[in-house]
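Take a look at the letters that make up each chain.
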Amino acid sequence: MDKNQIANLLEGIAMLLALKEGSSLFEVRAYENAARALGSLNGDIAQLAQEGKLKGTPGLGPTIIKRIEEALDTGHITLYDELRANTPPIKLEMLRIAGLGPKKINAIYEQLHITGIAELEQACKEDKVAQLPNFGKKTQDKILQGIALLAQHEGRFLYPVAEHEAEQMRAALLTCPEIVRLQVGGSLRRRRETVKDIDMVVSVADEASSDVGRAIMDFFVKQPSVQVVTGKGDTKSSVVLSSGIAMDLRLVNDSQFPYTLHHFTGSREHHIALRRRALSVNITINDYGMFRGKDPHGELIACKHEADIYAALGMAYIEPELREDMGEIEAAVNGSLPTLVQESDLRGVLHAHSTWSDGQNTIREMAEACIARGYSYLGLTDHSKVAAYAGGLDEQRLRQQHEEIDRLNDEFAGRFCIFKGIECDILRDGTLDFSDDVLASLDFVVASIHSNFNLSLAEQTQRMLRAIANPYVDIIGHPTGRLLLGRAGYPIDMEAVIEAAATHGVCIEINANPSRLDLDWRFVRLARDRGIKVPIDPDAHSLTGLDDMRYGIGIGRKGWLRANDVLNTLETEALLHFFQTRRSK
Ligand code: DGT
Ligand code: CA
Ligand code: ZN
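Predicted, not measured: the structure shown is a model, and the values here were computed from it.

Chemist: What's the story with the packing of helix H2 (residues 25-39) against helix H4 (residues 62-74) in this structure? I'm lost.
Modeler: Any two packed helices are characterised by the angle at which their axes cross and by the distance between the axes. Where H2 meets H4, the closest approach of the two axes is 11 Å, and the angle between their N-to-C directions is 60 degrees. When the axes of H2 and H4 are compared, the pair comes out oblique. The chirality of how H2 crosses H4 is right-handed. Together, Ala-30, Tyr-31, Ala-34 and Leu-38 of H2 and Thr-63, Ile-64, Arg-67 and Ile-68 of H4 make up the contact between the two elements. Residue classes in the contact of H2 with H4 are distributed as 6 nonpolar, 1 polar and 1 charged.

Below, the structure is given as C-alpha cells:
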C-alpha cells in the first residue's frame, strides 16, 4: 500500500466513525488530521515506518501509527473493515447526495428510519425532513436537488476510484500463471473523466482446457474487494467491488485477445465509425473478429496485437484516449494523428498553493517535492485577498511571500525556480481582485472564478471575457468551476471564452484535480485548434496533490494535445520568456 491508499483508508475511517451513532468528534478529527498529515508527508512511508520515524509526525498518534503499520503489513485496516461492515448501506448511499453530511444523515436515519434513497425522496415530498430539528424547508429542498443530481450521475465513479480498484484486481490476477495477457478496456482505458464500470480482458493459451478458465474465474470472484457476485461463467463474470463500482472480467483464448480487447475498449461511437471504414475496404468487423468481405463468414484476418487491426484497415494505430469518434479515423487514414503529450514531457508545475493561503505545505516543501518529481519549476499561486475563506493574501502578505520566494530562489539557483504567481479571483464584474501594479509585481497570473456562480449565461460569459482582456492575466483557472459528480459548472459560453483567449493569447488550464478535469477534453481540442497553449495544472493544496498531474495528462491526450500545445512542457527559460513577452505587449 502506498501513502495515498493509506490516507484514503484513514479518511474512510473518519467518515465511517462520523456515521456511527455516539462516536467521538475528537476521534473523527484525529483520523481526518492523520489522513491530511500523510498527504503532506515527505518520503517513502514504508521506509519511514520501518525506521520508526512516523513517531513524532504532527497528526500521527500512537494508535494511528499502529493502524498505518497494519495497512503496510497486511494491505488493510481491521477497524475500517469492521466499521464498513457495521454501517447501514443507506448511510453510505446518502453520503453521495450533495449537501448531506454525516450529522444530517444520522438524524435522518435515526428519526425517519429511511432504508433507501427513494424513501428519502418521498419523505422530503411529504415535508417530513423539513420538520426534523435543525433541518427546515431550505435544507429539504437542497436534499431534493441533491437526489435529482444523483440520479443524473447514477452509477458513475471518478476516474481514480475505478483506476485504484482495477489496479488492485490486475495485480491479483497477474499472480495466475495461466493468464497470458491482461488489459483493462472500456472508458477507464480511454481515460474518461468518469467511469460506469471496469471492463477487463484476460487471455489463456489457445490449447488451455476450460478448467483453466473456471479456476481463474473462481479466483477472481474470491478476491477480498469483491462484495457481490452478479454473474459467473467460464468466459465472463461480473462483480461489484467494495467502492460500489461494477466490474466485468472476460476470458478468451490468446488468439482472440486483440479483437476482444479492441471491442471492449470502445467507444461505441468509435466502433460505428470504424466499422463503416472497414466496409469501405471490404472488411467486416464484429465483436469477436475481423473478416475479409462483407459478411462475418469470410476469412479471419489474423491479428496478434490491436495495432494489427488498424494496420489491416490501412490506418495508423489510434491511441485509446482518441477513440471517441472525434475525427480520429480520418486522421489515422491520412496520417495526421497527433503525437500525444506524455507525463514525461512536463517540465514544471504552474498552479499550486502553500500554507500562505489554504495549502497544507510550505513553499519549501512544495518546491522540494517538485524537485523530487523531476520538475524544474513551481509556479506558486496562493489565493488573492477576496478569498478570505481560503486564507487569501492581501498586498502586504503578498510582498512578504515574495521575500521568502526570493530567498528560496537564491538557495535553489541553477537547479530550480519558483515563479511568483497568484490565483487571483475574478470579481463579479470581471475585474480582478488586485490592481494592475500589484499584478505587475508577479511573474504570472492565474485568474479564477470562485463566487457568484449563479449569474446568467450572458453575464458569466461577459465577466470571463473581461478578465481575459486584462493584460496581466496569463491563465484562466478551472474555467467552468465544475465538480464532477457533484456540481455542474456555472453556465458559460465556452466557445466565446476560447475565442477571446485565442485573441488575447491567454492560456486556459486543464485543472488536473480528478474532481475537476476542467477544461473539459471536448473543449481542449477546440482550444488547441485555436492555437491556445493549455497548461496542465495540479492545483495542488498538498504534496500528494502534485501527483494529480497524470489525470490532467489523460485529459490533455483526450483533447489531442501534443507536447508543444502544453505550456508547462516549456523549459524554465522559455517559460519565463513566454510570460515576459506577454507582459511587455
Ligand atoms: P462506461 O459507461 O464508462 O462504462 O463506458 P464504456 O465505454 O466502458 O462502456 P461499456 O462498459 O458499456 O462497454 C464497454 C465497451 O464495449 C464499449 O466502449 C464498446 C463496447 N460495446 C458495448 N456495448 C456495445 C454495443 O452495443 N455496440 C458496440 N459497437 N460496442 C459496444
Ligand atoms: Ca465500462
Ligand atoms: Zn481555484
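Continuing now.
Chemist: Explain the coordination of the calcium ion (ligand 2) here, please?
Modeler: Coordination of the calcium ion (ligand 2) by the protein is provided by Asp-197 (O), Asp-197 (OD) and Asp-199 (OD), with metal-donor distances spanning 2.2 to 2.8 Å. Each of the 6 donor atoms bound to the calcium ion (ligand 2) contributes to angles spanning 67 to 163 degrees, and the resulting shape is irregular. Judged by relative accessible area, Asp-197 falls into the buried class, the value being 16%. The class for Asp-199 is buried, based on a relative accessible area of 12%.

Chemist: Teacher, can you tell me more about the coordination of the zinc ion (ligand 3) here?
Modeler: Geometry reference: four tetrahedral donors at a metal, ideal angle 109.5 degrees. Six octahedral donors, ideal angles 90 or 180 degrees. Every protein donor of the zinc ion (ligand 3) is accounted for by Glu-423 (OE), His-450 (NE2) and His-478 (NE2), and the metal-donor separations fall at 2.0 to 2.3 Å. Of note, the zinc ion (ligand 3) draws all its donor residues from one chain, in the sequence arrangement E-x26-H-x27-H. Highlighted residues: His-450 in the loop between strand S13 (444-448) and helix H20 (457-469) and His-478 in the loop between strand S14 (475-476) and helix H21 (494-504), separated in sequence by 28 residues. The pair His-450 / His-478 is uniform in exposure class, with both members buried.

Chemist: Can you help me understand the site of ligand 1 in this one?
Modeler: Around ligand 1 sit 15 residues in total, of which Arg-156, Ser-187, Arg-190, Lys-196 and Arg-268 are the nearest. Between an oxygen atom of ligand 1 and a side-chain N or O atom of Asp-199, the distance comes to 3.2 Å. A distance of 2.8 Å separates an oxygen atom of ligand 1 from a polar atom in the side chain of Arg-268. Taken by itself ligand 1 offers 590 Å² of open surface, and the protein chains cover 75% of this. At the level of elements, helix H11 (186-189), strand S4 (197-204), helix H13 (257-265) and helix H14 (268-280) are the ones that each hand at least two residues to the shell around ligand 1. Its residues placed into classes, the shell around ligand 1 shows 2 nonpolar, 7 polar and 6 charged. When we break the shell around ligand 1 down by domain, the ones giving at least three residues each are domain 2 (154-264) and domain 3 (266-337).

Chemist: Got a minute to help me understand the environment of Glu-165 in this structure?
Modeler: Relative to the helices and strands, Glu-165 resides in helix H10 (residues 159-173). Under the relative-accessibility criterion, Glu-165 is labelled buried at 3%. Here the alpha-carbon distance between Glu-165 and Ile-198, two residues 33 residues apart in the chain, equals 8.6 Å. Once residues within four sequence positions are removed from consideration, Glu-165 is found in contact with Ile-198, Ser-225, Leu-241, Ser-242, Ser-243 and Ile-245.

Chemist: What should I look at first to understand the side chain of Asp-433 in this one?
Modeler: When you line up the elements, Asp-433 lands in the loop between strand S12 (417-425) and helix H19 (436-440). Salt bridges are absent for the buried Asp-433, whose nearest opposite-charge side chain, Lys-385, sits at 4.8 Å. A distance of 2.7 Å separates the side chain of Asp-433 from the side chain of Ser-384, its partner in a polar contact. Residues within four places of Asp-433 in sequence aside, it is in contact with Ser-384, Lys-385, Val-386, Ala-387, Cys-424, Asp-425 and Leu-427.

Chemist: Please explain the pattern of salt bridges as it appears in this structure.
Modeler: Oppositely charged side chains can form a pair if their charged atoms are brought close together. Going through the model one piece at a time under the given rule, you end up with 40 salt bridges. Residues Arg-29 and Glu-32 are paired through a salt bridge, measuring 3.1 Å at the closest nitrogen-oxygen approach. With Arg-29 and Glu-32 both in helix H2 and 3 residues apart, this pair spans about one turn of that helix. A residue is classified by how much of its surface remains accessible, and Glu-32, at 29% relative accessible area, is partly exposed. Here Lys-304 ties to Asp-254 by a salt bridge, and the two come within 3.8 Å at their closest N and O atoms. Residue Lys-304 is located in the loop between strand S9 (289-292) and helix H15 (306-312), and its partner Asp-254 is located in the loop between strand S7 (246-253) and H13; the two are separated by 50 residues in the primary sequence. For Lys-304, a relative accessible area of 47% corresponds to the partly exposed category. The network of salt bridges with shared partners includes Arg-190, Arg-192, Glu-193, Glu-324, Arg-482, Asp-520, Arg-522 and Lys-558.

Chemist: Teacher, can you tell me more about the domain arrangement of the protein here?
Modeler: Interfaces are often sized by the amount of accessible area the parts lose when they come together. When cut into domains, the protein gives domain 1 (3-152), domain 2 (154-264), domain 3 (266-337) and domain 4 (343-584). Its C-alpha centre places domain 1 at a distance of 31 Å from the equivalent point of domain 4. Contact with domain 1, which involves 9 residues of that partner, is made by 8 residues of domain 4. Overall, the association of domain 1 and domain 4 removes approximately 660 Å² of surface from exposure, summing both partners, and the carbon and sulfur fraction of that is 49%. Three residues stand out in domain 1 for area buried against domain 4, namely Gly-39, Ser-40 and Asn-42, and they jointly supply 52% of the buried area on that side. Between the two partners, domain 1 and domain 4, sit 0 salt bridges. Our enumeration of links across domain 1 and domain 4 arrives at 2 residue pairs in polar contact (both at pLDDT 80 or more). Of all the elements in the fold, those that place two or more residues in the side of domain 1 that touches domain 4 are helix H1 (3-18) and H2. Tallied by class, the residues present in the side of domain 1 that touches domain 4 amount to 3 nonpolar, 4 polar and 2 charged.

Chemist: Mind showing me how you'd approach unusual backbone geometry here?
Modeler: The phi torsion of most residues other than glycine is negative, and most of the peptide bonds are trans. That bond from Gly-266 to Ser-267 is cis: its omega, -5 degrees, falls within 30 degrees of zero. Inspection of the secondary structure puts Ser-267 in the loop between H13 and H14. Its identity is not glycine, yet Arg-191 carries a phi of approximately 60 degrees, on the positive side. For Arg-191, a relative accessible area of 23% gives the class partly exposed. A positive phi angle, close to 50 degrees, is found at Asp-539, a residue other than glycine. Considering the arrangement of structural elements, one finds Asp-539 in the loop between strand S17 (536-537) and helix H23 (549-558). Among the residues examined, Asp-539 registers a relative accessible area of 6% and is labelled buried.

What counts as what
- Residues numbered from 1 in each chain as written.
- Chains lettered and ligands numbered in written order.
- Predicted model: local features only at pLDDT ≥ 70, side-chain atom pairs only at ≥ 80, totals over all residues.
- Heavy atoms only, no water.
- Axes fitted to C-alpha atoms, helices over the stretch in contact; angles between N-to-C directions.
- Helix = DSSP H or I, 4+ residues; strand = E, 2+ residues; numbered from the N terminus.
- Parallel < 35°, antiparallel > 145°, perpendicular 65-115°, else oblique.
- Left-handed = near helix turned anticlockwise from the far one by under 90°.
- Contact = heavy atoms within 4.5 Å.
- Nonpolar A, V, L, I, M, F, W, Y, C, P; charged D, E, K, R; others polar.
- Donors = N, O, S within 2.8 Å, 3.2 Å for Na, K, Ca; no water.
- Tetrahedral: all angles 85-135°; square planar, octahedral: opposite > 155°, others 65-115°.
- Buried < 20%, exposed > 50% of the residue type's maximum accessible area, 1.4 Å probe, protein only.
- Near = heavy atom within 4 Å.
- Polar contact = N/O pair within 3.5 Å; in protein donor to acceptor, adjacent residues only side chain to side chain.
- Areas by Shrake-Rupley, 256 points an atom, 1.4 Å probe, with all protein chains shown as cover.
- Domains from an automatic or database assignment.
- Lys, Arg positive; Asp, Glu negative; His and termini not counted.
- Salt bridge = Lys/Arg side-chain N within 4 Å of Asp/Glu carboxyl O.
- Buried area = accessible area lost by both parts, 1.4 Å probe.

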